[in-house]
Structure formats: structure tokens, C-alpha cells
Amino acid sequence: MDKQQICAKIKEIYPDIGRCGIDINVDYDESQQRWVVDLKKDNQELKTYLEPGDAELCLEGKQCVSLGIEIAQLRDNIEKM
């Protein structure tokens, strides 16, 4: 699994991310042992850490609820800023 796969899945679930002025970046944080999702809009930036295994389960098509909730909250918060 790599960050391009996670970005693609997030954009599949939330097609407005990557458009409408919301940029996305995903990286693996070795110190936290988690994937970090970073959303930017204009001069605002918010990050969230995905729980271990959440991204993997979603990419395997088993469960995207946790990933979806995290990204939805992050997207809603950045749009309010």
C-alpha cells in the first residue's frame, strides 16, 4: 500500500477533495506508525492521523467507515475556516 492508493480511495469516496480548492496529501509518519492525511484550502491546513489498519481495510474493500468519518470531519472543518 502506498500514499497514491490512499489518496485515490479518498478522492473516490469524496470527489470534491482535489477540486473545489481543497488539496490533499497523504504520508506515512514513522514516529506515529500511522498514515497522515493533510487537507489544505487557501491558507488553512488541517491534519488527521488514520488509526492503524483503517486505510488497509478500506483499500481491501472491507470497511471504509472509519476512514470516511475521519475525512468527512476534516473536510467539514476546513470548509468552515
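Rules and cut-offs
Residues numbered from 1 in each chain as written. Predicted model: local features only at pLDDT ≥ 70, side-chain atom pairs only at ≥ 80, totals over all residues. Heavy atoms only, no water. Pairing = 2+ DSSP bridges. Helix = DSSP H or I, 4+ residues; strand = E, 2+ residues; numbered from the N terminus. Axes fitted to C-alpha atoms, helices over the stretch in contact; angles between N-to-C directions. Contact = heavy atoms within 4.5 Å.

A. How the structure looks around the pairing of strand E1 (residues 22–29). Across eight bridges, the pairing between E1 and strand E2 (residues 34–41) is antiparallel. By the bridge assignment, Val26 is partnered in E2 with Val37. Hairpin remark: E1 followed by E2, antiparallel, with four residues in the connecting loop; positive phi at Gln33, about 55°.

B. Representation of the sheet that holds strand E3 (residues 44–50) within the structure. If you trace the three strands from one edge of the open sheet to the other, you get E1-E2-E3, paired in antiparallel fashion. Looking at the sheet topology across the chains shown, the edges are occupied by E1 and E3. Each strand axis lies, on average, 20° off the axis of its neighbour in the sheet, ignoring direction. Bridging between E2 and E3 involves seven bridges; their strand directions are antiparallel. The residue bridging Asp38 from the neighbouring strand is Lys47, located in E3. On top of the sheet, helix H1 (residues 3–13) reaches E1 and E2; it is set at about 140° to E1, its chief contact. Where helix H3 (residues 65–80) meets the sheet, it contacts E1, E2 and E3, and its direction lies at approximately 165° from that of E3.

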